[in-house]
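One letter stands for each residue in the lines below.
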Amino acid sequence: MKQQYFNLSLKVAEPLLRDIREGKPDLTVSDCALAGLQIQQGARNRPLYPLQVLELAYGLAEDGKL
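We now turn to the structure provided with this report. (Residues numbered from 1 in each chain as written. Predicted model: local features only at pLDDT ≥ 70, side-chain atom pairs only at ≥ 80, totals over all residues. Heavy atoms only, no water.)

Here's the deal with the nonpolar core
Using the following cut-off: For this analysis, a nonpolar core means a set of buried residues of the types Ala, Val, Leu, Ile, Met, Phe, Trp, Tyr and Cys, connected via side-chain atoms within 4.5 Å. Working definition: with a 1.4 Å probe on protein chains only, accessible area under 20% of the residue-type maximum means buried, over 50% means exposed, and in between means partly exposed. For helices the rule is a DSSP run of H or I covering at least 4 residues; for strands it is a run of E covering at least 2, with both sets numbered from the N terminus onward.
The biggest cluster of nonpolar side chains holds five residues, and these are Ala13, Leu17, Ile20, Ile39 and Ala43. Mapped onto this core, the elements with two or more residues apiece are α1 (6–23) and α2 (33–43). It is α1 that provides the largest number of residues to this core, a total of three residues.

Structure below.
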């Protein structure tokens, strides 16, 4: 994570971020913490980790939320 590459990384991520913004998915998933930060910042959508999705699917998350 270097500041000098921030704008380049946003340019690379823009197609994904655009698809998320336009598609308005119910759920966004990423197993990469850095990609998750960019998704959260660029698409205003907090992605879950794959295991969090399993918790939700099996009703193991407290109050149905994470």
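Having seen the model, we can carry on.
Some details on the packing of α1 against α2
Going by this rule: To get an axis, fit a line to the C-alpha atoms, keeping to the stretch in contact for a helix; angles then go from 0 to 180 degrees between the N-to-C directions. Throughout, the term roughly parallel applies to angles under 35 degrees, roughly antiparallel to angles over 145, roughly perpendicular to angles from 65 to 115, and oblique to all others. For any pair of crossing helices, the crossing counts as left-handed if the nearer helix is rotated counterclockwise from the farther one by less than a right angle, and right-handed if it is rotated clockwise. Whether two residues are in contact is decided by their heavy atoms, any of which lying within 4.5 Å being enough. Under the grouping applied here, Gly and all other residues not named as nonpolar or charged are polar, the nonpolar ones being Ala, Val, Leu, Ile, Met, Phe, Trp, Tyr, Cys and Pro and the charged ones Asp, Glu, Lys and Arg.
Packing of α1 against α2 leaves a shortest axis separation of 9 Å and a crossing angle of 65 degrees. On the basis of their axis angle, the class for α1 and α2 is roughly perpendicular. α2 is crossed by α1, and the crossing has right-handed handedness. Residues Phe6, Ser9, Leu10, Ala13, Leu16, Leu17, Ile20 and Arg21 of α1 pack against Gln38, Ile39, Gln41, Gly42 and Ala43 of α2. The class makeup of the residues in the contact of α1 with α2 is eight nonpolar, four polar and one charged.

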